[in-house]
Amino acid sequence: MPMPSTKTQTQTQKNMHASPQNLTQTPKGQSFRFGLYATLSLITAGFGVYLMFQILSANDLKPTEAVILVFFAVSFGWISMAFWSAFFGFILQLFKRDPLSLKRYYTPNSQAPLTSRVAVIMPVYNEDTTRVIAGFEATFQSVMATGQGDVFDFYILSDTTVASIAETERNAFAVLLQRLAPAARVYYRRRAKNTARKVGNIREFCESFGGHYSAMVVLDADSVMSGHCIVTLAQTLEANPHAGLIQTVPIPVRQTTFFGRFVQYAAALYSPMLATGITYWQTDTCNYWGHNAIIRLQAFIDHCGLPTLEGKAPFGGDILSHDFVEAALLRRAGWDVLLLPQLQGSYEEVPCNMIDFAKRDRRWVQGNIQHLGLLGTAQLHRVSRVHFISGALAYISSLVWLVMLALSTLDAVIRALHANVYFTTQYQLFPDWPIAKTGLITAVISLTLVLLLGPKVMGLIVALCHKRRAFG
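Residues numbered from 1 in each chain as written. Predicted model: local features only at pLDDT ≥ 70, side-chain atom pairs only at ≥ 80, totals over all residues. Heavy atoms only, no water.

K.L.:
Could you clarify how one ought to interpret the sheet that holds strand E3 (residues 186-190) in this entry?
P.N.:
Where strands meet in a sheet, backbone hydrogen bonds hold them as pairs that are either parallel or antiparallel. Pairing is mixed across the open sheet formed by seven strands, whose spatial order is E3-E2-E1-E4-E8-E6-E9. Of all strands in the sheet, those with a lone pairing partner are E3 and strand E9 (336-339), marking the two edges. Along the sheet, successive strands turn relative to each other by an average axial angle of 20°, direction set aside. Here strand E4 (residues 215-218) runs beside strand E8 (residues 293-296); their pairing, made up of four bridges, is antiparallel. Bridge pairing links Met216 to Ile295 in E8. In the packing of helix H5 (residues 197-209) onto the sheet, the strands contacted are strand E1 (118-124), strand E2 (152-158), E3 and E4, and the crossing angle to E1 comes to about 150°. Across the sheet, helix H6 (residues 227-239) is in contact with E1, E2, E4, strand E6 (243-247) and E8; its angle to E8 comes to roughly 30°. (Pairing = 2+ DSSP bridges. Helix = DSSP H or I, 4+ residues; strand = E, 2+ residues; numbered from the N terminus. Axes fitted to C-alpha atoms, helices over the stretch in contact; angles between N-to-C directions. Contact = heavy atoms within 4.5 Å.)

K.L.:
Quick question: what am I supposed to make of the sheet that holds strand E5 (residues 224-225) here?
P.N.:
Read across the open sheet, the three strands follow the order E5-E10-E7; overall the sheet is mixed. Whereas interior strands pair on both sides, the edge strands pair on one side only; in this sheet they are E5 and strand E7 (251-252). Pairing of E5 with strand E10 (residues 346-348) involves two bridges; the strand directions are antiparallel. Directly across from Val224, in E10, lies its bridge partner Tyr347.

K.L.:
What is the right way to look at helix H7 (residues 258-282) in this model?
P.N.:
Between its first and last C-alpha atoms H7 spans 34 Å; for 25 residues at 1.5 Å apiece the expected length is 36 Å, and the two agree. The axis of H7 is deflected most strongly, by about 40°, at Tyr270, and proline Pro272 appears within four residues downstream. (Expected span 1.5 Å × (residues − 1). Bend = angle between axes of the 7 residues up to and from the residue.)

K.L.:
Would you take a moment to explain the layout of surface pockets for this structure?
P.N.:
Unfilled space is identified by rolling a water-sized probe across the atoms. Taken as a whole, the second largest pocket holds about 930 Å³ of empty space. Lining of the second largest pocket is provided by 29 residues; of these, Ala268, Pro272, Gln342, Gln344 and Lys467 occupy positions nearest its centre. Here the residues of the lining of the second largest pocket are counted per class, giving 15 nonpolar, 10 polar and four charged. (1 Å grid on protein atoms, 1.4 Å probe; cavity = no way out; pocket = protein on both sides within 12 Å on 5 of 7 lines; lining within 4 Å. Points joined across faces, edges and corners; volume = space filled by probe spheres on them. Nonpolar A, V, L, I, M, F, W, Y, C, P; charged D, E, K, R; others polar.)

Structure, rendered in structure tokens:
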């Protein structure tokens, strides 16, 4: 089927016709929410660091112990932030409250007709063609079943470099067209050169076809979204003319290995609660995870062009984790970036074993650490800077824990190899006994366990109260 072709970028209508059912409410008390979250996180982290300082300084703080204290502060601060996000999500989900409006949450089911055109795009790169076509067709058929499919066009944007896979893609797409209705608006495009990776793929689509659409829904090659989910995203974007991007919470599916099922189960159990918590304090400055989201095209075209950073890796070169940066740029330009944690029907697949999982994380780690070099970017929203820091800490914290354990082991070995000196002066009446603050040590361990395991317990409580049938 021929693709629409134009290089003209028409001005997207800024004043969208609001659907009768406004699916999000303007969040109130944004500064208070962020301040409350930051205060609780800092107090918790500060208390933990204070206890550790008292433990380490009981027998004079040595250089090794000072370094341990610094690493402890970083890691403890990270788990404090995660705990309080989970706590907010727990309270809101327990009482079924929307994290933006704080009103009682209900499942939106608006039949309001959409008035603007939307492109659903799936960038692919040397993927399993059978899986790509199956997910693409399932999403297409689900959208058509809503009765609002006339406003959606579907694109497979191939960056495949292997000729045999590209040929398979073309053949599979031709068979797909035969299965669908003759007038189905589904298109396949393969780039001759896959410059700038996924960013370049989407940029070329925006330059070539963006003028036809008000918004685009971005899928990954392993994404599946229900028609109700996509239509709700489009309705929400229309109802909120200041929204530039609306993200869903993709839930892993189709796992068969023990590891994959474990990850899938944990994500289904905890992700909605955690997403609700971060939505509470991030309000209109949420993040973008690169897929399963709807984006206002003109806002994206105007503000999300990504430069090549000066210098060498890890801080220079192409921006690898582009999604965080695109969300920050949209928010800097005044567009709201929203997250709908309760909206169901957004799915993805995850690596089925630990090795593939680690390989995926290895691709992300440089991009997230690269964000630390962007913290000085002018006029970024404070929450966007928190996104950059927390994204980097997601990977750095593991290294921090490892270094802290190694230094603690080294300190213990040094102490074991050197005899204790109980008399430090020539005329000393009483010995200087080593001080072991057992009570404080127990307090630090207990507080750490609460911060680490507390979100797990809270997620389980929510599931037992509201999702028992879903989990068997």
